[in-house]
Amino acid sequence: MKSHHHRRRHISFYIILIINIAVIQAQPLRHPPDQHWLPATATWYGAADGDGSDGGACGYGSLVDVKPLKARVGAVSPILFKNGEGCGACYKVMCLDKSICSRRPVTIIVTDECPGGVCSGGRTHFDLSGAAFGRMAMAGEGNMLRNKGLIPVTYHRTPCKYRGKNIAFHVNEGSTNYWLSLLVEFENGAGDVGSMHIRQAASTEWLQMTHLWGANWCIIGGPLKGPFSVKLTTLSTAKSLSARHVIPSNWSPKATYTSRLNFLP
């Protein structure tokens, strides 16, 4: 009887324990930990209130000098640059010094690579424009924050948002009917490109393009006949989008052709 009574108490204990666990799991967490913020470091370059450098290793050229990229450009270490396939990705970056930082993150777009120094050795580093770096500070403390030079930050990936913009394809200089090179602009959402394909006029076959450097892709063959449809697939989310006949038959190098669609941000 004593052994039987002991087993009943033992079973009752586990039933109560299971009920308590179920109740705890059913209650929403009031302050769930944010698993997406990751540690990194940051510096700045150029003029103190400058918009960042022209061009950059992604190949966006003068596009970095005008909105919506203006003052939001950033160079990243190779671990985020990903040999150019990380170009176009957007990140929120926030500094950690409570005595001077506003705790409001800045959003930056990857347009360049910083390959050496603090960016080397597998480190995660952001080299921001002076304007973007200063915006992480409390009001009036931008210069003091910039004077610190190298600072610890946290960051996370964020969807790119180009309000009122559709994806555009810039035909790079030097393109011909036998060598066609394209650069993707204003891509909402992931912002990056993992693969690109092109389809010629009156064809059902998608031809795979080759990643050249930065955000530039090309195809060799021909003679290539437009109008061209372009399909791109993002690197980080594997989402695809096809722009039908976005590049006309009378296309020209250095021209930019805008599609009628974009990813959801």
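About the thresholds
- Residues numbered from 1 in each chain as written.
- Predicted model: local features only at pLDDT ≥ 70, side-chain atom pairs only at ≥ 80, totals over all residues.
- Heavy atoms only, no water.
- Phe/Tyr/Trp six-rings, centres within 6.5 Å; stacked < 30°, edge-to-face > 60°.
- Lys NZ or Arg CZ within 6 Å of the ring centre and 35° of its normal.
- Core = buried A, V, L, I, M, F, W, Y, C linked by side-chain atoms within 4.5 Å.
- Buried < 20%, exposed > 50% of the residue type's maximum accessible area, 1.4 Å probe, protein only.
- Helix = DSSP H or I, 4+ residues; strand = E, 2+ residues; numbered from the N terminus.
- Contact = heavy atoms within 4.5 Å.
- Disulfide = S-S within 2.5 Å.
- Pairing = 2+ DSSP bridges.
- Salt bridge = Lys/Arg side-chain N within 4 Å of Asp/Glu carboxyl O.
- Axes fitted to C-alpha atoms, helices over the stretch in contact; angles between N-to-C directions.

Q: Looking at this structure, how should I read the packing of aromatic side chains?
A: How two aromatic rings sit relative to each other is given by the distance of their centres and the angle of their planes. Under the definition given, this model contains four aromatic pairs. One aromatic cluster is present, built from ring pairs that chain together Tyr-91, Phe-126 and Tyr-155. Here the basic side chain of Lys-165 rests over the ring of Phe-186, its NZ or CZ set 4.6 Å away from the ring centre.

Q: Explanation requested: the nonpolar core in the structure shown.
A: Nonpolar side chains tend to gather and get buried jointly when the protein is soluble and globular. The biggest cluster of nonpolar side chains holds 29 residues, and the ones touching the most others in it are Tyr-91, Val-93, Phe-126, Met-136 and Leu-145. When residues of this core are traced back to their parent elements, those giving at least two are β1 (38-45), α2 (78-81), β3 (90-95), β4 (106-113), β5 (125-129), α3 (130-134) and β6 (151-157). Beyond its immediate chain neighbours, meaning those up to four positions away, Met-136 contacts Val-93, Met-94, Cys-95, Cys-101, Ser-102, Arg-103, Arg-104, Val-106, Leu-128, Leu-145 and Ile-151. Listed in part, the 24 residues of the second largest apolar core include Met-196, Trp-217, Leu-224 and Leu-232.

Q: Can you walk me through the environment of Arg-199 in this structure?
A: Topologically, Arg-199 is positioned in strand β9 (residues 195-199). When residues no more than four places from it in sequence are discounted, the contact partners of Arg-199 are Thr-204, Glu-205, Trp-206, Pro-227, Phe-228, Ser-229 and Arg-244.

Q: Is there a simple way to think about the state of the cysteines in this case?
A: Each disulfide consists of one covalent bond between the sulfur atoms belonging to two cysteines. Tallied over the full model, the rule gives four disulfides. Covalently, Cys-58 is tied to Cys-87 through a disulfide, its sulfur atoms 2.0 Å apart. The chirality of the disulfide connecting Cys-58 with Cys-87 is left-handed, given an S-S dihedral of about -90°. One end of the pair, Cys-58, is in the loop between β1 and β2 (73-76); the other, Cys-87, is in the loop between α2 and β3, with 29 residues separating them in the sequence.

Q: Teacher, can you tell me more about the pairing of β3 here?
A: Buried residues dominate β3, accounting for five of its six residues. Strand direction decides the pairing type here: β3 and β4, joined by four bridges, are antiparallel. Following the sheet pairing, Tyr-91 is matched in β4 by Ile-108.

Q: Looking at this structure, I do not really get the pattern of salt bridges. What am I missing?
A: A side chain of one charge can pair with a side chain of the opposite charge when the charged atoms of the two come close. Here the structure, examined in full by the defined rule, presents two salt bridges. Linking Asp-97 and Lys-148 is a salt bridge whose minimum nitrogen-to-oxygen distance equals 3.6 Å. On the criterion of sequence distance, the pair formed by Asp-97 in the loop between β3 and β4 and Lys-148 in the loop between α4 (142-147) and β6 is long-range, its members being 51 residues apart. The exposure class of Lys-148 is partly exposed, given its relative accessible area of 42%. Close ionic contact of Arg-157 with Asp-192 constitutes a salt bridge, the shortest N to O distance being 2.8 Å.

Q: Hey, could you run me through the sheet that holds β5 in this one?
A: Paired through their backbone hydrogen bonds, the strands of a sheet run either parallel or antiparallel. Around the barrel, which closes on itself, the six strands sit in the order β1-β5-β2-β4-β3-β6 with mixed pairing between neighbours. For this sheet, the mean angle separating the axes of adjacent strands, direction not counted, is 45°. Pairing analysis gives five bridges linking β1 to β6, with the strands arranged antiparallel. Each bridged residue has a counterpart across the sheet, and for Ala-42 the counterpart in β6 is Ile-151.

Q: Looking at this structure, how should I read the pairing of β4?
A: For a regular strand, side chains alternate in direction, first toward one face of the sheet and then toward the other. The buried count for β4 comes to seven of eight residues, which makes it a mostly enclosed element. Direction of pairing for β2 relative to β4: parallel, over a ladder of four bridges. Along β4, the bridge assignment pairs Val-73 with Ile-109.

Q: Just to check I follow, could you spell out unusual backbone geometry for this structure?
A: Keep in mind that most residues, glycine aside, have a negative phi and that most peptide bonds are trans. Along the chain, Gly-222 connects to Pro-223 via a cis peptide bond; the corresponding omega equals 5°. Here Pro-223 is to be found in the loop between β12 (216-220) and β13 (228-233). The omega angle of the peptide bond from Gly-226 to Pro-227 is 5°, so this bond is cis rather than trans. Its place among the elements puts Pro-227 in the loop between β12 and β13. Within the chain, Phe-186 stands out as a residue other than glycine whose phi angle is a positive 60°. Mapped onto the fold, Phe-186 is located in the loop between β8 (179-185) and β9. Judged by relative accessible area, Phe-186 falls into the buried class, the value being 12%. Located in the positive-phi region is His-245, a residue other than glycine, with phi close to 50°. Within the fold, His-245 resides in strand β14 (residues 240-247). A relative accessible area of 38% means that His-245 is categorised as partly exposed.

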